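For reference, the chains in residue letters:
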Amino acid sequence: MAQIELSKSYDPSQVEDKIYQLWEQTGFFNPDHLPGKRRSAFVVSMPPPNVTGILHLGHALESSLMDTAVRYQRMRGKKALLVPGTDHAAVATQARVEDELKKRGIVNPRQELGRDKLLAEIRNYAEESKKIILSQIRKMGTSCDWSRLAYTFDAERSRAVNHLFKQMYDDGLIYRGYRVVNWSVKGQSTCSDDELVYVDQTTKVWTFKYAKDFPIPIATTRPETKLGDTAVAVHPDDERYKKYIGQKFIVDLGAQKPLQITIIADKNVDPNYGTGAVGVTPAHSQIDYEMYQANKNIGIIQVIGADGKMTEAAGRDYQGLTINQAREKFVSWLKDNDLFIKEEEIINNVGTSDRFGDVVESLPMEQWFIDVNKIIPGRQQSLKDLMRQAVTIGHRGDAKQKITITPERFYNIYLSWIDNLRDWCISRQIWWGHRIPVWYGPNKEVFVGEQPPTDGEWVQDEDTLDTWFSSGAWTFSTLGWPDKTKDLKQFHPTAWMQMGYEILFFWMARMILMSTYALDQIPFYHVYIHGILRDKNGKKFSKSVGNGLDPLEIIKQYGTDALRLSLIKGITPGNDSRFYEEKVAGARNFVNKLWNISRYVLQAVAEPKIINKQPQAQSLADQWILNDLSETVETVTQLLDSDAFSPAAEKLHEFTWNDFADWYLEIAKIEGGKDEILLYVLQQLLKLWQPFCPFVTEEIWQNFKAKDLLMVTDWPQSVKAAKDKRLSGDIECFIGVIKTIRNLRSESNIEPAKLIKIKLISATKKDLLEKQREIIKKLSRCQELEITDKSSAAKDSAVAITGEVEVHLLLAGLIDLKAEKERLNKELAQIENYIKSISAKLVNEQFLSRAPKEIVAQEKAKLAEAEDHLAKIKKQLISIG
RNA sequence: GCACGCUUAGCUCAGUUGGUUAGAGCAUCUCGUUUACACCGAGGGGGUCGGGGGUUCGAAUCCCUCAGCGUGCACCA
């Protein structure tokens, strides 16, 4: 017996920090220090968590997924690199800190603190939050290379961002333009189209006329903006209104000046919807603005300002009013002047700012944009083209530079998004973020670059960049770009990326854009899309609902391995999944099982050493478990290669618990003398589990006094044991006998002590069963076992037939014959039914002629088997009379 | 409005290109306290795979249609 004492159950809290330190000390998280010759790289850029708080379950899921992938590839002999990092999350962080400040009584943080002080507050918050998050990532067991830690807002990344901006500016892809943009009044900043959250709202729609003699009625949900109307659009073929096209009307709605309304034609107007005509407000609607660009002569009047109040142009009566005040006033004015026609309630969905929560206004403004349609100098392609190609024919038509996406349905979602993509507004008026690297000189010269010229007064652009601008560069800014570093050369494109589908457009699209543009490379070869986690009732986890589960609390209670396993098991790519405590408890039970299996093996063997080569099988059971292991290795490897994490874990679980623990170990206890096989199978198992449950497996591995950490051992290879054709039949017979005896006993309510004698009668399996005699006796807990090869069923016995063996259980008045008979009759009926259905199939000519030969053969075999089974049941029935 | 996803055992979900009598975990019931583990072991019950139609020798799987739920996009005059 080995001198190893392990506690009765696994205690993660005693193990995890110690093991993580051990991993870090070895330096193996850094691919440069990995042992052995490693040619190809496997790189994952960690989706950087926002520094807006603490880690939630979504992060825990991502950590588990990417770390499992990386650990697997590290064992496969790849230069595995997981680059850790955090995201400054411009708007999200500033919004969060401003909210906090407001709670502390600072009503308007920007005004009261000023730029520098507010930035200092945000920076403090971000740094604190970052510290917490990084320690939590460690707690998850994530095997990332901390020497390459990055932050989207640190000096290196800022340099990359500025460089990228200048390059795009010089190529004419970044421009400053006056356009209608989404404006959050509350946040005092623009938002991109993708940052809008649409919410259903009950609103009224008002129908009115501009003037009593105006020929076309107009409907609107935003009456106050009508003070800025400059045109009415109708369908060019609309018989009712055709004749007015091109005419101008002067109407006075009480704005600063009477409005000149031009009737214009636009194919997008649906003549059958509403009044069939659209009042055009170029300044306060993106679509109207586009109409304005096609008909510039109509003019543009801005009646709402950046402060969310009516402007001077709205007229003396309205200037300074809020939108709601102006709306009420204008509607009552319409009524007073007999221009009002009707009002109805409708459900309208409005865009709100995802971070500030207010309904966004469309306002015309001077902002910075990325032109996604312009041909890139020297490339004959636009950014849109690049984004499309990367997932279709491959970057620049190179099939090797093609991104694959799991699951496939996201290709189309992504592509249709690109089709609708407008120029990307990248400037924000918040302060937390990369300041736009543009300076304006004393004579209004424009300088773009990192450092402004020193002559005269140069003033930097006040705005900051959309946070996704820096996130888009993440795969390469973390590897040293714009310098031509060794990292960049050997690690980019990265291998694998994962993300939730909710940031597909925000992030995946932008990474593809930036990387294909700046490096002429795709950012990664493969994307795994995961769903979001929901609670037991299918609700999203959220702070405001208060249904959040803290990963750290779960780790405290159940351990990291259990958390990781429970997150990965039972999920499918791209689909949401529910998460609740019972799942973790189940996973914890498994981890404990693994621990106890190891504990038993370590106690049972003479010396706990590493067994590298598959040992020779000594018995039927050995052969069986080795073959089974080999098959498991093959399957799990295949599954992991195709990102099927959950099925891989399930397959392993089944082998570990059902086959190895419940059957093989029980047999091994009786057969004895199996040190090498026990150690070998266990060690292979630990390797297979390492990517999923790194802590417990590494902790157990310590007991073998191996040279290397488990983390850097080689992934198991499938080694088929010598193929014995009889193997599967024999093992089935052997296990079948044990199970049968158990069944007879349990279903007949015979107490073990009263079980007197069992006869096994077999023509061909006698030797086999003689050899396994002790195992059968112990596992089935019968006291006596008589094995003969004569088929002489005693009259007072119940017969069960397994394989080629009949098990006769002497009744001795102990079996409930009635119950047994009932059971058998039920089974009989089932089988007869089954035989009927197969027989019908086998006389069906169409089946015989059209089905493939294998299938027909299969069906015939099934029939034979069933008939055999039927015969056995009948025999059993006869035997009990 | 368009698109996508989901609907399978009491619950949570698997089910790869159509082919054993549709699976797992949890829950439930019966039995079991054997020295790795009660965070355990052996068994059982439980499903006309959302409804309807079609293709096929054969459909949970492919097609059509309806319903419920969810998501994205557009519209929002």
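Notes on the structure follow.

Calculation rules
- Residues numbered from 1 in each chain as written.
- Chains lettered and ligands numbered in written order.
- Predicted model: local features only at pLDDT ≥ 70, side-chain atom pairs only at ≥ 80, totals over all residues.
- Heavy atoms only, no water.
- Near = heavy atom within 4 Å.
- Polar contact = N/O pair within 3.5 Å; in protein donor to acceptor, adjacent residues only side chain to side chain.
- Phe/Tyr/Trp six-rings, centres within 6.5 Å; stacked < 30°, edge-to-face > 60°.
- Helix = DSSP H or I, 4+ residues; strand = E, 2+ residues; numbered from the N terminus.
- Buried < 20%, exposed > 50% of the residue type's maximum accessible area, 1.4 Å probe, protein only.
- Lys NZ or Arg CZ within 6 Å of the ring centre and 35° of its normal.
- Salt bridge = Lys/Arg side-chain N within 4 Å of Asp/Glu carboxyl O.
- Core = buried A, V, L, I, M, F, W, Y, C linked by side-chain atoms within 4.5 Å.
- Contact = heavy atoms within 4.5 Å.
- Pairing = 2+ DSSP bridges.
- Axes fitted to C-alpha atoms, helices over the stretch in contact; angles between N-to-C directions.
- Parallel < 35°, antiparallel > 145°, perpendicular 65-115°, else oblique.
- Left-handed = near helix turned anticlockwise from the far one by under 90°.
- Nonpolar A, V, L, I, M, F, W, Y, C, P; charged D, E, K, R; others polar.

### Quick notes on the protein's contact with RNA strand B
Then, number 1: The immediate surroundings of RNA strand B are formed by 52 residues, with A219, N349, N596, W657 and R850 found nearest.
Then, number 2: When atoms of RNA strand B within 4 Å of the protein are sorted by moiety, sugar and phosphate together comprise 61%.
Then, number 3: A distance of 2.3 Å is found between a sugar or linking oxygen of RNA strand B and a side-chain nitrogen or oxygen belonging to N596.
Then, number 4: In the model, a sugar or linking oxygen of RNA strand B is placed 2.9 Å from a nitrogen or oxygen of the K862 side chain.

### Focus: the packing of aromatic side chains
Then, number 1: What the rule picks out here adds up to 33 aromatic pairs.
Then, number 2: Here F447 and W458 contribute two aromatic rings whose centre-to-centre distance is 6.3 Å and whose plane-to-plane angle is 80°, an arrangement assigned as edge-to-face. Here W458 lies in the loop between β19 (446-448) and β20 (459-460) and F447 lies in strand β19, a separation of eleven residues in the sequence.
Then, number 3: Look at W458 and you get buried, because its relative accessible area is 17%.
Then, number 4: For the ring pair F476 and W481, a centre distance of 5.2 Å and an interplane angle of 85° mean the geometry is edge-to-face. For the pair shown, F476 and W481 are each scored as buried.
Then, number 5: One aromatic cluster in this structure is built from F208, Y210, F214, F249, Y318, F330 and W333.
Then, number 6: The side chain of K130 reaches across the aromatic face of Y151, ending 3.6 Å from its centre.
Then, number 7: A cation over a ring is seen here: R510 above W424, with NZ or CZ 4.2 Å from the ring centre.

### Structural notes on the pattern of salt bridges
If charged atoms from side chains of opposite charge come close, those side chains can pair.
Then, number 1: Counting across every chain of the model gives 51 salt bridges.
Then, number 2: With its nearest N and O atoms 3.1 Å apart, the salt bridge here joins D32 to R148. Placement of D32 in the loop between α1 (16-26) and β1 (41-45) and of R148 in the loop between α4 (109-139) and β4 (150-151) is noted, with a sequence separation of 116 residues between them.
Then, number 3: A relative accessible area of 12% means that R148 is categorised as buried.
Then, number 4: For E770, the salt bridge identified is with R773, shortest N-O distance 3.0 Å.
Then, number 5: We classify E770 as partly exposed; its relative accessible area is 33%.
Then, number 6: Because the salt bridges share partners, they merge into one network encompassing D32, D145, R148 and D487.

### Side note on the nonpolar core
Then, number 1: Residues W496, Y664 and F692 are the most contacted members of the largest nonpolar core, which totals 118 residues.
Then, number 2: For this core, the element with the highest residue contribution is helix α18 (residues 645-671), accounting for twelve residues.
Then, number 3: Excluding anything up to four places from it in sequence, F692 contacts T68, D561, R564, L565, I568, L640, F645, A648, A649 and L652.
Then, number 4: Listed in part, the 62 residues of the second largest apolar core include F410, V448, W474 and M511.

### Brief notes about the sheet that holds strand β16 (residues 424-425)
Then, number 1: Taken in spatial order, the four strands line up as β6-β5-β14-β16 in an open sheet, and their pairing is antiparallel. Each edge of the sheet is formed by a strand with only one pairing partner; in this case those strands are β6 (189-191) and β16.
Then, number 2: Inspection of the sheet shows strand β14 (residues 361-370) paired to β16 by two bridges, in the antiparallel sense. When the bridges of β16 are listed, I370 appears paired with W424.

### Observations regarding the packing of helix α16 (residues 581-604) against α18
Then, number 1: Taken N-terminus to C-terminus, the directions of α16 and α18 make an angle of 30°; their axes are 11 Å apart at the nearest point. By the angle between their directions, the pair α16 and α18 is classed as roughly parallel. Regarding α16 and α18, the two cross each other, and that crossing is left-handed. On α18, the residues touching N589, F590, K593, L594, I597, Y600 and V601 of α16 are H653, T656, W657, F660, A661, D662, L665 and K669.
Then, number 2: Grouping the amino acids of the contact of α16 with α18 by side-chain chemistry returns nine nonpolar, three polar and three charged.

### Considering the side chain of T68
Then, number 1: With respect to the secondary-structure elements, T68 resides in helix α2 (residues 57-75).
Then, number 2: By relative accessible area, which is 0% here, T68 ends up buried.
Then, number 3: Here P691 takes part through its backbone oxygen, which lies 3.2 Å from a polar atom of the side chain of T68.
Then, number 4: Setting aside residues no more than four positions away along its own chain, T68 makes contact with R564, I568, F645, P691 and F692.

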